[in-house]
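Summary of structural features
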Amino acid sequence: MLHGNSTCVVIDAGLPCTPDDVAGVLAGTGETVEVVSATHGHSDHVAGVPRLIADHAASLYLSEVTIGYLDGSQKPRTPALTQAVRIWRTWLGQPFDLAGLTGFVGGSAVAGFGGPKGMVGEPLRPARPLEDGQPLPGAPDWEVVFVPGHTDDALALWHADSATLLSGDAVLTGGGRAWFSPERVDDAAAARSERRLRGLPVEHLLPGHGLPLHGTNVW
């Protein structure tokens, strides 16, 4: 969650149970959710979105490539299972409960892609597109950075003032280190995205999977 004065932006409302977690946070802060977004359209990043935007009448913003999946002009690609198993070490340091496991398994039937049904897009159709380099609606100090490779629609969010990168699945963490994901659909695009992200003076890394890293230069 990215916090404003009385509102917040939720990024990667990934599991169907995520709105319950958000409600618990809001009960303590008194904020309302103004904007919901996601780093890409995999179901473990968007399955909580439909309920969250309905509960809060929030605006939804997704990568312009994800919008192409929703209108049928583009077809999503997802990494093969043989690649997915290569990121096992990202799970070792993370807390995981039954609700999370259930949501991870069942989320693909709610919204997003990566599951057996392909793209489940109808609940995400209110989405408006995000373009590379634009300020994030609701949190304009954060810049949208397109980082295709893990998926074709992947984006990250960069906050220059605090040197904070919200990387989605372009960068994971494991064993206390940043790890450019080996789980990808396009090796060449992933290499270009890695070069772009390595050019940022990141001191706070918030990955899509794994624990946050902090240091003078996390690379």
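Let me begin by describing the structure that accompanies this report. (Residues numbered from 1 in each chain as written. Predicted model: local features only at pLDDT ≥ 70, side-chain atom pairs only at ≥ 80, totals over all residues. Heavy atoms only, no water.)

**Observations regarding the overall build of the protein chain**
Put simply, the rule is: Secondary structure elements follow DSSP: runs of H or I of four or more residues count as helices, runs of E of two or more count as strands, with numbering from the N terminus. Each radius of gyration is computed over the set of C-alpha atoms, and the globule rule expresses the reference value as 2.2 Å times the number of residues to the power 0.38. For each residue, the accessible area found with a 1.4 Å probe, counting protein chains only, is set against the maximum for its type, and the residue is called buried under 20%, exposed over 50%, and partly exposed in between. Methods summary: accessible areas were calculated by the Shrake-Rupley approach with a probe of 1.4 Å, and residue burial reflects only the protein chains presented. Neither His nor the chain ends is counted toward charge; the positive residues are Lys and Arg and the negative residues Asp and Glu. One atom stands in for each charge, and that atom is NZ of Lys, CZ of Arg, CG of Asp or CD of Glu.
Helices and strands together make up the secondary structure of the protein chain, namely 8 helices and 15 strands. The C-alpha atoms of the protein chain give 16 Å as radius of gyration, which agrees with the globular expectation for 219 residues (17 Å, within 12%). Across its three principal directions, the C-alpha atoms of the protein chain cover 40 × 40 × 35 Å. The 219 residues of the protein chain split such that 50% are buried. If you sum the accessible surface of the protein chain, you get close to 10,200 Å²; carbon and sulfur atoms cover 54% of it. Taking the average place of the 14 positive charges on the side chains of the protein chain and the average place of its 24 negative ones, the gap between the two points comes to 9 Å.

**What about the pattern of salt bridges?**
Rule in force here: Salt bridges are defined by distance alone: a side-chain nitrogen of Lys or Arg within 4 Å of a carboxyl oxygen of Asp or Glu.
Applying the stated criterion across every chain yields a total of 8 salt bridges. Between Arg-51 and Asp-20 there is a salt bridge whose closest N-O contact spans 2.5 Å. Of this pair, Arg-51 sits in helix α3 (residues 49-56) while Asp-20 sits in helix α1 (residues 18-29); the two residues are 31 residues apart in sequence, bridging distant segments of the chain. The residue Asp-187 makes a salt bridge to Arg-184 at a minimum N-O spacing of 2.7 Å. Residue classification places Arg-184 among the partly exposed positions, given a relative accessible area of 26%. A network of salt bridges, in which partner residues are shared, links Asp-20, Arg-51 and Asp-55.

**Side note on the packing of α1 against α3**
Heads up, the condition is: Lines fitted to C-alpha atoms define the axes, with helix axes restricted to the stretch in contact, and inter-axis angles between N-to-C directions lie between 0 and 180 degrees. Any angle that falls under 35 degrees is termed roughly parallel, while one over 145 is termed roughly antiparallel, one within 65 to 115 roughly perpendicular, and all others oblique. Between two residues, a contact is recorded if the distance between any of their heavy atoms is within 4.5 Å. The nonpolar class holds Ala, Val, Leu, Ile, Met, Phe, Trp, Tyr, Cys and Pro. Asp, Glu, Lys and Arg form the charged class, and all remaining residues, Gly among them, are polar.
Between α1 and α3, whose axes approach to 9 Å, the crossing angle comes to 40°. On the basis of the axis angle, α1 is oblique to α3. Across from Pro-19, Asp-20, Val-22 and Leu-26 in α1, the residues of α3 making contact are Arg-51, Leu-52, Asp-55 and His-56. For the contact of α1 with α3, the class distribution of residues is 4 nonpolar, 1 polar and 3 charged.

**Notes on the packing of aromatic side chains**
The description of an aromatic ring pair rests on the distance of the ring centres and on the angle between the ring planes. Stated precisely, the cut-off is as follows: What counts as a ring pair is set by centres within 6.5 Å for rings of Phe, Tyr and Trp (its six-membered ring), and what kind of pair is set by the plane angle: stacked under 30 degrees, edge-to-face over 60, tilted for all other angles.
For the structure shown, the criterion picks out 2 aromatic pairs. Summarising the aromatic geometry, the rings of Tyr-69 and Phe-113 are spaced 5.5 Å apart at their centres and angled 85° between planes, so their arrangement reads as edge-to-face. With Tyr-69 in helix α4 (residues 64-71) and Phe-113 in strand β5 (residues 112-115), the pair connects residues that are 44 residues apart, well separated along the chain. The exposure classification of Tyr-69 matches that of Phe-113, with both residues buried.

**With respect to unusual backbone geometry**
One non-glycine residue with positive phi stands out, namely Ala-57, at about 50°. You can call Ala-57 exposed: its relative accessible area is 71%. Despite not being glycine, Ala-163 shows a phi value in the positive range, around 55°. By the element assignment, Ala-163 lies in the loop between β10 (155-159) and β11 (164-168). On the basis of relative accessibility, which here comes to 8%, the residue Ala-163 falls in the buried class.

**Details of the pairing of strand β4 (residues 59-63)**
Selection criterion: Two strands are said to pair when DSSP picks up at least two bridges between them.
Across the 5 residues that make up β4, a large majority, 4, are buried. Bridge count between β4 and strand β7 (residues 128-130): 3 bridges; the pairing is parallel. Counted as the bridge partner of Ser-63 is Leu-130 from β7.

**Here's the deal with the nonpolar core**
Which entries qualify depends on this criterion: Working definition of a nonpolar core: buried Ala, Val, Leu, Ile, Met, Phe, Trp, Tyr and Cys residues. They are joined through side-chain atoms within 4.5 Å.
Counting residues in hydrophobic clusters, the biggest one holds 20 residues, and the most contacted among them are Val-10, Val-33, Val-36, Val-49, Leu-60, Leu-62 and Leu-124. Counting residues per element, this core draws most heavily on α3, at 3 residues. Excluding anything up to four places from it in sequence, Leu-60 contacts Val-36, Val-49, Ile-53, Leu-124, Pro-126, Ala-127 and Arg-128. In terms of nonpolar packing, the next biggest core, distinct from the first, is built from 16 residues, Ala-154, Leu-197, Val-202 and Leu-213 among them.

**Quick notes on the sheet that holds β4**
Strand order across the open sheet formed by 5 strands is β1-β2-β3-β4-β7, with mixed pairing between neighbours. Each edge of the open sheet is held by one strand with a lone partner, namely β1 (2-3) and β7. On the sheet, α4 packs against β4 and β7 and is oriented at approximately 100° with respect to β4.

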